[in-house]
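As a plain string of letters, each chain reads:
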Amino acid sequence: MFGAALIKIAFAASIISTFLYFVVHRNPSDTVRKFARWFYEIAVAGIVIASAMLLYFILTHQFQYYYVWNYSSTDLPLSLLISTFYAGQEGSFMLWALYTGIIGLILLRYTSKRGYEAEFMAVFSAIFSFLILMLVVKNPFKPIWEQFSTELLHVGAMPAGTTNYIWVDQARGLWAQIPAEGKGLNALLQNYWMVIHPQILFIGFTSMSIPFAYAVAGMLKRDYVSWIRVATPWTAFGSLMLGTGIILGGYWAYETLGWGGYWGWDPVENSSLVPWLVCVASIHTMLAQRKNGTYIKTNLVLSMFCFLLVLYSTFLTRSGVLGETSVHSFVDPGMWVYWLLLMVIGLFSALGFGLLFRRWKEMPIVPVQHSLVSREFALFLGASALVFASIFILIGTSSPIITNIMKGKISAVDPSFYVTTTLPLGIAIALLAGFGQLLWWQNSSTSDLLKQLRIPAALAALFTVMTFLMGATHIAMIIFIYASAFALFTNLIVGWRIVQGNPKMAGGALAHVGIAMMFLGFVASAKYDDVKTLNLEQGKEVQALGYTMKYVGYQPLERGRFGFNVEVTKDGQKFVVTPVMFKESEEGSLIRNPDIVNMITKDFYVSPLSLEVPEEGGHEHEVTLFKGKKEQYEGMELTYLDYTFSQTKEQGNFLVMQIEVNINGKKEIVRPTMSNKGGQPTFTEAAVPNSPISLLIKGMNPSQDDGEAKVTLEVKGITHGEGTIAPKAETLVVEASVKPYINLVWIGTVLLIGGFFITIVRRIKEVSKE
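Along its length, the protein carries 20 helices and 23 strands. Restricting the contact set of the protein to residue pairs at least 6 apart, pairs at least 24 apart contribute 66%. Of the roughly 34,300 Å² that the protein leaves accessible, carbon and sulfur atoms contribute 61%.

Here it is, written out as structure tokens:
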């Protein structure tokens, strides 16, 4: 196949380019450098053409290729059809390689003007070679009959008059049947964010390799100082792109998945966050080195970890080690991918840290000239807090691997682990984001510092008192709110002064304002949201959360989806929300998409759970049980006792509810279950012994510490004689919630991105002048 041959040619060319650039580093030669450039350009051209071919095959529905068949179909709209290019392992590696190759062309010219081409491109071409090697192993152009040889390959005369057959080896009479339709894109990915989010994320992944390549190049040249200046703009660019990708992923989850949040501490979410935190930490220590030459070794280590942690992220996502603990994990990638990723992590770690240890003693030691009350020390503390946060998150993220090694079973930590470990560090980061802006380089006057602290400290205290009166009473949250408000007001004051003088210097203050607003939004929307599970019987009004809701019916949408219309009224204003439910396939799981009403101070969030349609001979009821409290229902006494949770490779996350049912004085323990494998929950009902009644989990909050642990059950099999209660009408079960001040999160992210952009522009101009 021509596509596969192109990939192999590109791999060979990138390896030759890497070798030739290393030769130029050892023995400078313009002729060899020219050949190194040519081979790199050949490698890029090969990947560009291969990518164009794969996209063409997708757009023209060439289902003779397994990748095209496995991820696309003829019914997808154009935007989603294009996004199937990177829906699977092979395509996502192709996208990563494509962006790496193209950005490498820009970097080739950038480094050649600054004396770093040979050393930098030797390392960057090696990274490019690794990505192309993954495409050699995971070939996106594999014919479908190689995957399904038994079902699709035939020998003999090929049927005439149809286009669904193709010769494989005409000389041997070997032909294959081509499917008329593709398998299609995963229903969870059929969203417009699929067109945007992965592309930004992979540009971020590519950009994380740039600080690594510069750090290694600096050590190869024995230049431990000036590499920082040429690397800083690209490090900021990497933080901008990866951070934007993470933020877009969070909004995608909030808008689409229906669980009401934007960050679930999923292992793969975390594995993108960790290199971003380290990259942001490196930007802060780079500032200190640019100013007075300190943190030489620290910057080399942090810059290398930016990329090594991306490789580790790739290993977690694509090796299959996460199993069923992450909805993002690729399953069954093959042992080649598993061992190749491990080998690459080891290879680049050995390259970077081996060179670091070899050069360690010759690196200059700059004596510390700053005091504890200085901007340098604040930058160091801030970077340390970011690194420690990344370490704790990395430990939790790696827990499936750690528990598998130590206990022989895969288990993920509870999300509360991340909150407990990172909250103190978040408070420290917020305080330092404020203090650092008030400090001078090397030393600051304590009296001047105290004077500057008065206004932001007083405003933060007033703000915190206001939030306390509004209901923020948790001690840890009060401290976090104060620290975030202090960072906000300090950076607003400092930023205003900078804008009046030199707006080009305002990037840091703007980014810190964004971080402070995000922190405040996290507290308000996640800790103090209000959630209710409601049964909306068609045509009947239900009051909850200060709103009046009425389910008025459903309507069919495109591609087998159904929108469920709910009229919402508050203070005389009426609007309609339309959450969506549909089945992934005839036998697949139920997919639920929420609908959101965005207001200035809050979001009203409605997520569908199920639609109940009355059946003949009996009808379905729902009841919400609070832990330990008896509930009288239809002549029964129901009590939610406890739950058990386990995790296995076969079942994924497995939860068993223990419900005591008392009918006519006879008590029985009934155990309805929920399993979550592959990111989609499956609920199994449990029968009450000697009774037609059964219980099915509909919603749950099983382990809250504040006394609100609860489970919502569907009670099936209740029958009534004549003259008794009539069956309910069609009922939509939803989870409605109010997310206060969530817009602070989104506004903060925009300001953070804006701060990075201003910083990049400033640093590029500084490098251009040198």
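One open sheet holds the 4 strands; their spatial order is β4-β23-β12-β11, and the pairing between them is antiparallel. In the strand order of this sheet, the two ends are held by β4 (530–537) and β11 (595–598), each with one partner. Pairs of neighbouring strands in the sheet enclose a mean axial angle of 20°, with direction left out of account. Pairing between strand β12 (residues 602–612) and strand β23 (residues 731–740): 10 bridges, direction antiparallel. Across the sheet, the residue bridging to Ser607 is Glu735, located in β23.

What follows concerns the packing of helix α11 (residues 267–292) against helix α12 (residues 296–318). One way to put it is that α11 packs onto α12 with a least axis distance of 9 Å and a crossing angle of 170°. By the criterion of interaxial angle, the relationship of α11 to α12 is roughly antiparallel. Here Val268, Ser271, Ser272, Val274, Pro275, Val278, Cys279, Ala281, Ser282, Thr285, Met286 and Gln289 of α11 lie close against α12, whose contacting residues are Ile296, Thr298, Asn299, Leu302, Ser303, Phe305, Cys306, Leu309, Val310, Ser313, Leu316 and Thr317.

So, about the packing of aromatic side chains. Applying the stated criterion across every chain, the model contains 45 aromatic pairs. For the pair Phe307 and Phe348, a centre-to-centre distance of 5.7 Å together with 85° between the ring planes defines the contact as edge-to-face. Pair noted here: Phe307 is in helix α12 and Phe348 is in helix α13 (residues 335–359), with a separation of 41 residues, a long-range link. You can call Phe348 buried: its relative accessible area is 3%.

Time to look at unusual backbone geometry. The backbone of Arg222 sits at a positive phi, close to 60°, despite the residue not being glycine. Within the secondary structure, Arg222 sits in the loop between α9 (193–220) and α10 (227–256). The class of Arg222 is partly exposed, set by a relative accessible area of 48%. Positive phi is not limited to glycine here, since Trp265 has a value of about 55°.

Along its 28 residues, α9 runs 41 Å from first to last C-alpha, staying within 8% of the 40 Å computed at 1.5 Å per residue. Counting buried residues in α9 gives 25 out of 28 residues, a clear majority hidden from the surface. Where α9 terminates, the next one or two residues include Arg222, which has phi positive at roughly 60°.

When charged atoms on two side chains of opposite charge get close, those side chains can pair. In the structure shown here, the tally under the stated rule is 17 salt bridges. A salt bridge links Lys716 to Glu714, with the shortest nitrogen-to-oxygen separation between them at 3.6 Å. In this structure Lys716 comes out as partly exposed when scored by relative accessible area, which is 22%. Note on Glu714: relative accessible area 3%, which makes it buried. When salt bridges that share partners are traced, they join Asp30, Arg33, Arg37 and Glu117 into one network.

Let us look at helix α6 (residues 117–137). Taking 1.5 Å as the rise per residue, α6 with 21 residues should run 30 Å; its terminal C-alpha atoms sit 29 Å apart, in good agreement. Most of α6 sits out of view: 17 of its 21 residues are buried.

Once that is clear, we can look at the side chain of Arg33. Here Arg33 lies in helix α2 (residues 30–59). When sequence neighbours within four positions are dropped, the list of residues in contact with Arg33 reads Tyr21, Val24 and Glu117.

As a packed pair, α9 and α10 sit with axes 8 Å apart at the nearest point and diverge in direction by 155°. As summarised for this structure, α9 and α10 are arranged roughly antiparallel, according to the angle between their axes. Here α9 and α10 pass one another in a crossing that is left-handed. Here the residues of the contact of α9 with α10 sort into 23 nonpolar, 10 polar and 1 charged.

Our next topic: the confidence of the model for the protein. Confidence along the protein averages 86 in pLDDT terms, with 89% of residues attaining 70 or more. Note on residues 326–331: pLDDT under 50 across the span, and 23 contacts to partners over four residues away in sequence or across chains. Confidence drops under a pLDDT of 50 for residues 720–727, and excluding neighbours within four residues, the segment shows 9 contacts in the predicted structure.

Relative to the elements of secondary structure, His284 occurs in helix α11. Aside from chain neighbours lying at most four places away, what touches His284 is Leu379, Leu386 and His512.

Take the environment of Lys629 next. Along the chain, Lys629 falls in the loop between β13 (619–626) and β14 (630–633). Considering only alpha carbons, one finds Lys629 and Thr639, 10 residues apart in sequence, at a separation of 5.9 Å. Once residues lying within four places of it in the same chain are set aside, the contact partners of Lys629 are Leu638 and Thr639.

Looking now at the environment of Ile758. Residue position: Ile758 is located in helix α20 (residues 743–769). In this structure Ile758 comes out as partly exposed when scored by relative accessible area, which is 27%. Distance in space between the C-alpha atoms of Ile758 and Leu510 is 8.9 Å, their sequence separation being 248 residues. If sequence neighbours within four positions are ignored, Ile758 has contacts with Pro503, Lys504, Gly507 and Leu510.

The rules behind the values
- Each chain carries its own residue numbering, running from 1 in the written order of its sequence.
- For this predicted model, a pLDDT threshold of at least 70 governs which residues receive local features, and a threshold of 80 or more governs which side-chain atom pairs are given and counted, while totals over whole chains, interfaces and linings are taken from all residues.
- Calculation of side-chain values draws on the structure's entire complement of heavy atoms; hydrogens and water are dropped beforehand.
- Runs of E in the DSSP output that reach at least two residues are strands. Runs of H or I that reach at least four are helices, and both are numbered from the N terminus.
- Contact definition: two residues touch when any of their heavy atoms are within 4.5 Å.
- Each accessible area is a Shrake-Rupley result for a 1.4 Å probe, and residues are judged covered by the shown protein chains and nothing else.
- Paired strands, in this sense, are two strands between which DSSP finds at least two bridges.
- For helices, the fitted line uses only the C-alpha atoms of the stretch in contact; every axis is such a line through C-alpha atoms, and the angle between N-to-C directions lies from 0 to 180 degrees.
- To sort the angles, those under 35 degrees are grouped as roughly parallel, those over 145 as roughly antiparallel, those from 65 to 115 as roughly perpendicular, and the leftovers as oblique.
- Here a pair means two rings of Phe, Tyr or Trp (six-membered ring of Trp) with centres within 6.5 Å. Their orientation is stacked below 30 degrees between planes, edge-to-face above 60, and tilted elsewhere.
- Each residue is placed in one exposure class: buried if its accessible area under a 1.4 Å probe, protein chains only, is under 20% of its type's maximum, exposed if it is over 50%, and partly exposed if it falls in between.
- Expected helix span is computed as 1.5 Å times (number of residues minus one).
- Counted as salt bridges are all cases of a side-chain nitrogen of Lys or Arg within 4 Å of a carboxyl oxygen of Asp or Glu.
- If you view the pair so one helix is near and one far, a crossing is left-handed when the near helix is turned anticlockwise from the far one by less than a right angle, and right-handed when it is turned clockwise.
- Basically, the charged four are Asp, Glu, Lys and Arg, the nonpolar ten are Ala, Val, Leu, Ile, Met, Phe, Trp, Tyr, Cys and Pro, and anything else, Gly included, counts as polar.
- The predictor attaches a confidence to each residue, and that confidence, scored 0 to 100, is pLDDT.

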